[in-house]
Amino acid sequence: MLLYTSASISELEIPGKRSLVIYISNCQHRCKNCRTSYLHLAYGDSLKYTFNNIFNLYYNYFDIVCFMGMARKH
Ligand code: SF4
């Protein structure tokens, strides 16, 4: 199950685009110099059941969706 910790609009992630940024927790990677180590823990709400609400809430304010963190290694 994908858990997310927060969602917001950002103009920093993709140059020239407004992004809906969704932070996914339970990241199994341990990248050197990770800036979001709080995503290593499994916590938050189910994205499966709330993604449509988030998408519709911010619909008029973003050009692209960015998922930050990764729940599993591939
Ligand atoms: S994928 Fe992202 S959140 Fe996970 S360890 Fe790497 S930089 Fe940190």
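In case you missed it, the structure is sitting above this.
A brief report on the enclosed structure follows. (Residues numbered from 1 in each chain as written. Predicted model: local features only at pLDDT ≥ 70, side-chain atom pairs only at ≥ 80, totals over all residues.)

Moving on to the overall build of the protein chain. Per the secondary structure count, the protein chain includes 1 helix and 4 strands. Beginning at the N terminus, the succession of helices and strands in the protein chain can be written as β-β-β-α-β. Here the protein chain has a C-alpha radius of gyration of 13 Å; the compact-globule value for 74 residues is 11 Å, and the two agree. Overall size of the protein chain, expressed as C-alpha extent along the three principal axes, is 35 × 30 × 20 Å. (Helix = DSSP H or I, 4+ residues; strand = E, 2+ residues; numbered from the N terminus. Rg over C-alpha atoms; globule rule 2.2 N^0.38 Å.)

Next up on the list: the pairing of strand β2 (residues 19-24). Two faces make up the sheet, and in a regular strand the side chains alternate between them. Here strand β1 (residues 3-10) pairs with β2 via 6 bridges, running antiparallel. Residue Ser6 lies in a different strand from β2, and its bridge partner there is Tyr23. Pairing geometry for β2 and strand β4 (residues 64-68), over 5 bridges, is parallel. For Ile22, the partnering residue across the bridge sits in β4 and is Phe67. (Pairing = 2+ DSSP bridges.)

Following the sequence through the fold, Ala7 ends up in strand β1. For Ala7 and Gln28, which are 21 residues apart along the polypeptide, the C-alpha to C-alpha distance reads 20 Å. If we skip the residues at most four places from it in the chain, Ala7 touches Leu20, Val21, Ile22 and Ile54. (Contact = placed C-beta atoms within 7 Å.)

Okay, the sheet that holds β1 next. One open sheet holds the 4 strands; their spatial order is β3-β1-β2-β4, and the pairing between them is mixed. Each end of this open sheet is capped by a strand with a single partner; those strands are β3 (45-46) and β4. In this sheet, β3 lies alongside β1 in antiparallel orientation, the contact comprising 2 bridges. Of the residues in β3, the one forming a bridge with Leu3 is Ser46.

Okay, the nonpolar core next. Residues Tyr4, Ala7, Leu20, Val21, Ile22 and Met68 constitute the largest nonpolar core, which totals 6 residues. Of all the secondary-structure elements, those providing two or more residues to this core are β1 and β2. Broken down by element, the residue count for this core peaks at 3 residues, all from β2. Ile22 has contacts with Tyr4, Ala7, Ile54, Val65, Phe67 and Met68, leaving out every residue within four places of it along the chain. (Core = buried A, V, L, I, M, F, W, Y, C linked by C-beta atoms within 7 Å. Buried ≥ 20, exposed ≤ 12 C-beta atoms within 10 Å, placed from the backbone.)

Purely geometric numbers; function is a separate question.
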